[in-house]
Amino acid sequence: MAQKQQKQRYPGFSFDEMVTLVYDNNWDYYQVFGDSLLIAIFWEETMFNNVAQKQGTAVGLGQIEPAELWTLKKYGISTNAKNILNSPAHSVKVTATYLNHLYQSQTANPKLRSEALKRYS
């Protein structure tokens, strides 16, 4: 009986490429959510591939739901799924901004990064 082979997924970017991409595009929020956290999220979500979810609607390196993109307008980002998928740099900025939104929109005092990450997942 032959075993079913799973299709192997490969990283879209090397680790060094992702470090550079995140470093170059996380200037606005790196003090709240550091580069290493974004890199970990991008690896866990997509193995550094800037893709659309196969069964669902989330897009980009950080798998952001397009229905949530309206929340980024107050941070100066007006975007859509196509823009995110066409630009890995933009995908990094969108993810960092969305995480910041989840942090800033908390009503608790003090605001917690861990709570923003819970809301992200």
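Since this is a predicted model, take the numbers as computed values, not measurements. Sequence positions are assigned chain by chain, starting from 1 and proceeding in written order. Per-residue local features of the predicted model are confined to residues with pLDDT of at least 70, and side-chain atom pairs are confined, for both listing and counting, to 80 or more; whole-chain, interface and lining totals are unaffected and use all residues. Excluded from the side-chain calculation are hydrogens and water; included are all heavy atoms of the structure.

K.L.:
Describe the side chain of Asn25, with residues and values.
P.N.:
Its location among the elements puts Asn25 in helix α1 (residues 15–25). Definition of a polar contact: a pair of N or O atoms within 3.5 Å, with one able to donate and the other able to accept a hydrogen when the atoms are protein atoms, and with sequence-neighbouring residues admitted only if both atoms are side-chain atoms. Only 2.7 Å separates the side chain of Asn25 from the backbone oxygen of Leu21, close enough to count as a polar contact. Throughout, a contact is declared for two residues whenever any of their heavy atoms are within 4.5 Å. Excluding residues within four positions of it along the chain, Asn25 makes contact with Ala89, Val92 and Lys93. A run of DSSP states H or I qualifies as a helix once it reaches four residues; a run of E qualifies as a strand once it reaches two. Both are numbered from the N-terminal end.

K.L.:
A description of the nonpolar core should follow, citing residues and the corresponding values.
P.N.:
For the purposes of this section, nonpolar cores are sets of buried Ala, Val, Leu, Ile, Met, Phe, Trp, Tyr and Cys residues that join through side-chain atoms within 4.5 Å. Each residue gets one of three labels from its accessible area relative to the maximum for its type: buried under 20%, exposed over 50%, partly exposed in between, using a 1.4 Å probe on protein chains only. By size, the foremost hydrophobic cluster in this structure holds 26 residues, and its most contacted members are Met18, Val22, Phe42, Val94 and Tyr120. Going through the elements one at a time, α1, α2 (35–46), α4 (88–104) and α5 (113–120) are the ones with two or more residues in this core. Considering every element that reaches this core, the biggest residue donor is α4, with seven residues. With residues near it in sequence (within four places) discarded, Phe42 still touches Met18, Val22, Met47, Phe48, Leu61, Gly62, Val92 and Thr95.

K.L.:
Quick rundown of the packing of α1 against α4? Include the residues and the values.
P.N.:
Helices that pack against each other are described as a pair by the angle of their axes relative to one another and the distance between those axes. In this description, a line fitted to the C-alpha atoms serves as the axis of each element, helices being fitted only across the stretch in contact, and the angle between N-to-C directions of two axes falls anywhere from 0 to 180 degrees. Contact geometry for α1 and α4: axes closest at 9 Å, N-to-C directions at 60°. Taken together, the axis directions place α1 and α4 in an arrangement best described as oblique. Of the two possible hands of crossing, α1 and α4 adopt the one that is right-handed. Counting all contacts with α1, which are made through Leu21, Val22 and Asn25, the residues of α4 involved are Pro88, Ala89, Val92 and Lys93. When residue character is reported, Ala, Val, Leu, Ile, Met, Phe, Trp, Tyr, Cys and Pro are called nonpolar, Asp, Glu, Lys and Arg charged, and the others, Gly included, polar. The residue makeup of the contact of α1 with α4, split by class, is five nonpolar, one polar and one charged. Any angle that is under 35 degrees is reported as roughly parallel, and any over 145 degrees as roughly antiparallel; angles of 65 to 115 degrees are reported as roughly perpendicular and all others as oblique. For any pair of crossing helices, the crossing counts as left-handed if the nearer helix is rotated counterclockwise from the farther one by less than a right angle, and right-handed if it is rotated clockwise.

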